Amino acid sequence: MIDVNTKLYGVFGDPVGHSLSPLMHNAALRYLGLNAVYLAFQVQDLPRAMDGVRALGISGLSITIPHKIAVIPYLDCLTPLAQHIGAVNTVIYRSGILEGDNTDSQGAMLALREKTDLAGKRVGLIGAGGAARAIAFGLIQAGASVTVLNRSADKGQHLAEAVRGTFAPLDQSAELECDILINTTPLGMFPHTNKSPVPSSAFKPGMVVMDIVYKPLMTLFLQQAQAQGCDIVDGLSMFVYQGAFQFSAWTGLEAPRQIMRETVLSAL
Ligand code: NAP
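Calculation criteria
Residues numbered from 1 in each chain as written. Predicted model: local features only at pLDDT ≥ 70, side-chain atom pairs only at ≥ 80, totals over all residues. Heavy atoms only, no water. Helix = DSSP H or I, 4+ residues; strand = E, 2+ residues; numbered from the N terminus. Polar contact = N/O pair within 3.5 Å; in protein donor to acceptor, adjacent residues only side chain to side chain. Buried < 20%, exposed > 50% of the residue type's maximum accessible area, 1.4 Å probe, protein only. Pairing = 2+ DSSP bridges. Right-handed = clockwise from strand over helix to strand, strands pointing away. Contact = heavy atoms within 4.5 Å. Near = heavy atom within 4 Å. Areas by Shrake-Rupley, 256 points an atom, 1.4 Å probe, with all protein chains shown as cover. 1 Å grid on protein atoms, 1.4 Å probe; cavity = no way out; pocket = protein on both sides within 12 Å on 5 of 7 lines; lining within 4 Å. Sits in = over half its atoms within 2 Å of the grid points. Nonpolar A, V, L, I, M, F, W, Y, C, P; charged D, E, K, R; others polar. Axes fitted to C-alpha atoms, helices over the stretch in contact; angles between N-to-C directions. Lys, Arg positive; Asp, Glu negative; His and termini not counted. Salt bridge = Lys/Arg side-chain N within 4 Å of Asp/Glu carboxyl O.

Here we look at the environment of serine 19
Inspection of the secondary structure puts serine 19 in the loop between strand E1 (7-13) and helix H1 (21-31). Residues serine 19 and alanine 244, 225 residues apart in the sequence, show an inter-C-alpha distance of 15 Å. A polar contact is formed between the side chain of serine 19 and the backbone nitrogen of serine 21, at a distance of 3.1 Å.

Structure representation (structure tokens):
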């Protein structure tokens, strides 16, 4: 029942119509019988939208493209992890304080750990955007070493320096020796499903290969990897884990991960 006590959560992004977060979080809220709803907001005017969060008392937000860095000046504080990463994908509004957090990093680490240990592993990280940054910091905290493979050298080098890793141009991916290869670019995402950031020669048998694109679940990148005998991790695992961490940060409850996963899977 929606009444005066109903809590409001949501996602701020632009575009935001493709987001599966409303479906996933509403399924979790309903499953636990919480008096709350989660809505998608297409936000272009971020400063005024953030004023709205305070004025209306929105309890929590997911932040997505293109606001993950731009939102920071409108928050009162950041968790140490979000501060370290320099990007926010989660906002918690409690006792008049807006706090920014980043759950992409922990979400990706849990998804990878379903297949492999991370300490001492050599990771090829394709891309140098917001998601790559969150994942790179998670990887070095876990004791892995990172080579950033990126189209733009300046952005790639910048991220590599920030995580004391190395940089290599994306077109040299086939020469890279690594144990784990991760795609954080949008290449291969619906409707451009015939695209992959690397040639098949970049994959070696035994490598663990993760794509953070989850629509489609079996991207061309993952198909190439599987054909070369790699162990694959799809983007759904990270999506559900990062969402589960958000849900717990907002509600203080353990997220119903299985329900969240099944709901998103059925929509895909
Ligand atoms: P972003 O900040 O815009 O970064 C995109 C990166 O992809 C940049 O490094 C960019 O390279 C590279 N790139 C884009 N188009 C390219 C192309 N045609 N060829 C080569 N490289 C290209 O985006 P983001 O926030 O990191 O998000 C990236 C993807 O991850 C999105 O598809 C998003 O939906 C997905 N994601 C998934 C999850 C999950 O939970 N599964 C979580 C977060 C994000 P340049 O530096 O050269 O421009």
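Further notes follow.
Some words on the pairing of strand E8 (residues 145-150)
Most of E8 is tucked away, with five of its six residues classed as buried. Pairing analysis gives five bridges linking strand E7 (residues 122-126) to E8, with the strands arranged parallel. Counterpart to arginine 122 in the pairing with E8 is serine 145. Note on the crossover from E7 through helix H5 (residues 130-141) to E8: the handedness is right-handed. Inspection of the sheet shows E8 paired to strand E9 (residues 166-169) by four bridges, in the parallel sense. Within E9, the position partnered with leucine 149 by the bridge is alanine 168. Assessed by its sense of winding, the connection that carries the chain from E8 through helix H6 (residues 153-162) to E9 is right-handed.

Observations regarding helix H4 (residues 104-113)
Among the 10 residues that make up H4, seven are buried, leaving the element largely enclosed by the rest of the structure. Those residues of H4 that sit buried are Asp104, Ser105, Gly107, Ala108, Met109, Ala111 and Leu112. Along its buried surface, H4 packs onto helix H3 (80-85), H5, strand E10 (180-183), strand E11 (208-211), strand E12 (231-233) and helix H8 (235-251).

Considering the site of the ligand
Near the ligand, the surroundings consist of 24 residues, among which Ala128, Ala131, Asn150, Ser152 and Ile212 are the closest. Within the contact set of the ligand, an oxygen atom lies 2.4 Å away from a side-chain nitrogen or oxygen of serine 152. Out of a free accessible area of 930 Å², the ligand has 79% covered by protein chains. In a pocket analysis with a 2 Å cut-off to the grid points, the ligand is assigned to the largest pocket. Counting residues per element, the ones that place at least two in the shell around the ligand are H5 and H8. If you tally residues by element for the shell around the ligand, the top one is H8, at four residues. Residues of the shell around the ligand, tallied by class, amount to 11 nonpolar, nine polar and four charged.

Structural notes on the sheet that holds E1
One open sheet holds the six strands; their spatial order is E2-E1-E3-E5-E6-E4, and the pairing between them is mixed. The open sheet has two edge strands, strand E2 (36-42) and strand E4 (77-78), and neither has a second partner. With five bridges connecting them, strand E5 (residues 90-94) and strand E6 (residues 97-101) associate as antiparallel partners. What sits directly across from threonine 90, in E6, is aspartate 101. Those strands touched by helix H2 (residues 46-56) are E1, strand E3 (60-63), E5 and E6, and its axis lies near 170° from that of E1. Its contacts with the sheet place H8 against E1, E2, E3 and E5, and it is angled at close to 10° to E5.

Side note on the side chain of aspartate 211
Relative to the helices and strands, aspartate 211 resides in strand E11. It turns out aspartate 211 is buried and unbridged, and the closest side chain with the opposite charge, lysine 68, is 13 Å from it. A polar contact is formed between the side chain of aspartate 211 and the side chain of asparagine 183, at a distance of 2.9 Å. One polar contact links the side chain of aspartate 211 to the main-chain amide nitrogen of valine 213, over a distance of 3.1 Å. Discounting residues that sit within four places of it in the chain, aspartate 211 has contacts with Asn183, Thr219, Phe221, Leu222, Val233, Asp234 and Gly235.

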